[in-house]
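# Structural characterization, general
Here is what each chain is made of, one letter per residue.
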Amino acid sequence: MYIAMNEVRLTNREVVDVIPVNLRKYMCNIDLCGAEEIRLIIGKPFAVRFPDGVYYLSKNGVFSDNPSNAIIVNDRHMEELVERVTKSSLYSVKNEICSGYITISGGHRVGIAGTAVIDNGNIEFIKNISAVNIRLANEVIGAADAIVERITEDGVKSTLIISPPCAGKTTMLRDITRSLSYMGFSTAVADERCEIAAMYEGKSSFDLGNMTAVLDNCPKPEAMLMLLRSMSPEVIITDEIGTMQDADAIRSIMNSGVAVIASIHGRDIKQLMRRKNLTNLIHMFDVVVTLSRRNGAGTIEEICENA
C-alpha cells in the first residue's frame, strides 16, 4: 500500500536561500518539488536526489543524470554555504555542529562532514567542512491515515515502525503525531535529533496539532521520562530507538499506562528478531508497522499486531 499524497508541503525557499549565490544563479528554472536531498561536496558535482535517482545541476541550468557537464562545488561555495546556514555565527550553533547537523528554517536538516576536533574523547567542533547534505523536510498530510485507523480502535496502541533509511519513517511519525493531536489525545514528542518537529526558534516547522508538546535536542530516554512527568501525555512519540536505555524508558512509560509510538531502523521483523537484544523490545509494542521504498518512500508493507 502506497501512502496517499493528499497534500504535500515542501518549502523550498528556505533551502534556496542558503545555496551560495554563484550556484543559485543556475537554479532559476529548477524545480525542487519532490527532491529528497541536496548534496554538496568540495571537488564533486552539485547533486540532488529525487525518488527516481540522483541528478546533477548542469551549467545550462537544468538537471541531468550525467555528471560530465555538472557544476563542481569548490571551497568558496562551501564557505558561503556554511556562513548562510549558520547566519554568520558558528558559535551559536556549536552544539548542533557537534551532533553533525544544523536545522534551518522550514525544518530542513543540513548534515555536515569535515574534521572533528576532539577534546578528552568528546567532539568539540567540526572544522574544515568539506561536505554538506541538505535533507529537504516535507509534510505529507494523510500519510499515516491507515496506521492511525488501526492504532486508535480503543485508545492509542503502542506502535513500532520498522523502516530502512529514507523510507519515510519520520514523515509517518510526523503525520501520526498530527492526527492523534487533532483527535484530542494529549501527545508528546521526544525529538532527540530535531527531526519530527524540526523546531526552529522555539516553533515547530510542521503542523503537529493542538495537543502536542515537544522536547528536542535531549537524549531519548531522558526526554521520554521528562515528558511523562511534566506533560501528562496519553502517548509519547520518538524516533530511532534501539538501545537498552531506550527499552528501559519505554517499559517505564508503558507501565504508567501511556502509549509509545516509535521507529527503529531495519528491513522487517524477521531481521530485527535476529538481533537478540531487540527481541524483548519488539514484543513490548501492540502494533508493528513495516515500511519500505518499494513504491516510493512511505510504502506500508505490513501492519500486524503482537499477540
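Look up a bit, the structure's there.
What this report covers is the structure whose coordinates are included nearby.

A separate point is the layout of surface pockets. Considering only enclosed or pocket space, the second largest pocket measures out at about 370 Å³ in volume. Around the second largest pocket, the lining comprises 20 residues; the ones closest to its centre are Lys-87, Thr-103, Ile-104, Ser-105 and Tyr-200. Secondary structure elements with two or more residues in the lining of the second largest pocket: helix 1 (13–18), helix 3 (75–85) and strand 6 (101–103). In terms of residue count, the dominant contributor to the lining of the second largest pocket is helix 1 (3 residues). Looking at the lining of the second largest pocket residue by residue, the classes come out as 8 nonpolar, 5 polar and 7 charged.

On to the packing of helix 7 (residues 220–231) against helix 8 (residues 244–255), then. With their axes 8 Å apart at the nearest point, helix 7 and helix 8 run at an angle of 15° to one another. As the angle between them shows, helix 7 and helix 8 are arranged roughly parallel. The hand of the helix 7/helix 8 crossing is left-handed. Residue-level inspection shows Lys-220, Pro-221, Met-224, Leu-225 and Leu-228 of helix 7 in contact with helix 8, the latter providing Gln-245, Asp-246, Ala-249, Ile-250, Ser-252 and Ile-253. Its residues placed into classes, the contact of helix 7 with helix 8 shows 7 nonpolar, 2 polar and 2 charged.

Counting 32 residues, the largest nonpolar core has Leu-32, Ile-38, Leu-40, Phe-46, Met-78, Val-132 and Ile-134 as the members making the most contacts within it. The set of elements that each furnish at least two residues to this core consists of helix 1, strand 2 (37–41), strand 3 (47–50), helix 3, strand 7 (109–119) and strand 8 (122–135). Residues in contact with Ile-38, not counting those within four places in the same chain, are Val-15, Leu-32, Phe-46, Ala-47, Val-48, Val-132, Asn-133, Ile-134 and Leu-136. Ile-236, Ile-241, Ile-253 and Ile-264 belong to the second-largest nonpolar core, a separate cluster that totals 27 residues.

Here the focus is the pattern of salt bridges. Throughout the structure, instances matching the rule amount to 16 salt bridges. Note that Glu-36 is salt-bridged to Arg-293, the shortest N-O span being 3.3 Å. Here Glu-36 is found in the loop between helix 2 (21–24) and strand 2, whereas its partner Arg-293 is found in the loop between strand 15 (287–292) and strand 16 (299–305), with 257 residues between them in sequence. Of the charged contacts, one joins Glu-301 and Arg-294 as a salt bridge, the two residues approaching to 2.7 Å between their closest N and O atoms. When salt bridges that share partners are traced, they join Lys-169, Arg-193, Asp-239 and Glu-240 into one network.

Thresholds, definitions, all that
Residues numbered from 1 in each chain as written. Predicted model: local features only at pLDDT ≥ 70, side-chain atom pairs only at ≥ 80, totals over all residues. Heavy atoms only, no water. 1 Å grid on protein atoms, 1.4 Å probe; cavity = no way out; pocket = protein on both sides within 12 Å on 5 of 7 lines; lining within 4 Å. Points joined across faces, edges and corners; volume = space filled by probe spheres on them. Helix = DSSP H or I, 4+ residues; strand = E, 2+ residues; numbered from the N terminus. Nonpolar A, V, L, I, M, F, W, Y, C, P; charged D, E, K, R; others polar. Axes fitted to C-alpha atoms, helices over the stretch in contact; angles between N-to-C directions. Parallel < 35°, antiparallel > 145°, perpendicular 65-115°, else oblique. Left-handed = near helix turned anticlockwise from the far one by under 90°. Contact = heavy atoms within 4.5 Å. Core = buried A, V, L, I, M, F, W, Y, C linked by side-chain atoms within 4.5 Å. Buried < 20%, exposed > 50% of the residue type's maximum accessible area, 1.4 Å probe, protein only. Salt bridge = Lys/Arg side-chain N within 4 Å of Asp/Glu carboxyl O.

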